[in-house]
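Structure assessment
In case you want the letters, here they are:
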Amino acid sequence: MPNSPKEFLKQRRALQQATAKERKGLSMTTISDITGIPYDTLKSWKVAGGYREKLFLWLKDSDESELIKRFS
């Protein structure tokens, strides 16, 4: 019997979170220092889902020099 949509979404979310935790990249402290976005805000974005989580992952995966250019 196939998974219900609710179970599927739960499994998908768990996989996305595991993938996000394994990502290398800038630390939240570094991102906060460069962008001025509070650490606690980044922490909430990391698990928020939707566009906030995508924004967090984009910041995390960005090159440090690019963020410095964009936020200075």
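Check the entry above for the structure.
Quick caveat, the model's predicted, so the values are computed rather than measured.

1. Examining the overall build of the chain
- Across its full length, the chain holds 5 helices and 0 strands.
- Counting helices and strands in the order they occur from the N terminus, the chain gives α-α-α-α-α.
- Burial status across the chain gives 25% buried among its 72 residues.
- Within the chain, contacts between residues at least 6 apart in sequence are counted, and of these 53% link residues at least 24 apart.
- Split by element, the accessible area of the chain, about 5,500 Å² in all, is 56% carbon and sulfur.

2. A few points about the nonpolar core
- Judged by nonpolar contacts, Leu 26, Met 28, Ile 31, Ile 34, Ile 37, Leu 42, Trp 45, Phe 56, Leu 57, Leu 59 and Leu 67 together constitute the single largest core of 11 residues.
- Only helix 2 (28–35), helix 3 (39–46) and helix 4 (50–61) provide two or more residues apiece to this core.

3. Quick look at the pattern of salt bridges
- Considering all chains together, one arrives at 1 salt bridge under this definition.
- A salt bridge links Lys 69 to Glu 66; the shortest N-O distance between them is 3.3 Å. Within this pair, Lys 69 and its partner Glu 66 are both found in helix 5 (residues 64–71), separated by 3 residues, close to a single helical turn.
- For Lys 69, a relative accessible area of 59% puts it in the exposed group.

4. A word on the packing of helix 3 against helix 4
- Contact pair helix 3 / helix 4: the axes reach a minimum separation of 7 Å and the direction vectors enclose 115 degrees. Here helix 3 lies roughly perpendicular to helix 4, going by the angle between them. Note that helix 3 runs across helix 4; the crossing there is left-handed. Here Leu 42, Trp 45 and Lys 46 of helix 3 come into contact with helix 4, specifically with Arg 52, Glu 53, Leu 55, Phe 56 and Leu 59.
- Residues that form the contact of helix 3 with helix 4 fall into these classes: 5 nonpolar, no polar and 3 charged.

Calculation criteria
Residues numbered from 1 in each chain as written. Predicted model: local features only at pLDDT ≥ 70, side-chain atom pairs only at ≥ 80, totals over all residues. Heavy atoms only, no water. Helix = DSSP H or I, 4+ residues; strand = E, 2+ residues; numbered from the N terminus. Buried < 20%, exposed > 50% of the residue type's maximum accessible area, 1.4 Å probe, protein only. Contact = heavy atoms within 4.5 Å. Areas by Shrake-Rupley, 256 points an atom, 1.4 Å probe, with all protein chains shown as cover. Core = buried A, V, L, I, M, F, W, Y, C linked by side-chain atoms within 4.5 Å. Salt bridge = Lys/Arg side-chain N within 4 Å of Asp/Glu carboxyl O. Axes fitted to C-alpha atoms, helices over the stretch in contact; angles between N-to-C directions. Parallel < 35°, antiparallel > 145°, perpendicular 65-115°, else oblique. Left-handed = near helix turned anticlockwise from the far one by under 90°. Nonpolar A, V, L, I, M, F, W, Y, C, P; charged D, E, K, R; others polar.

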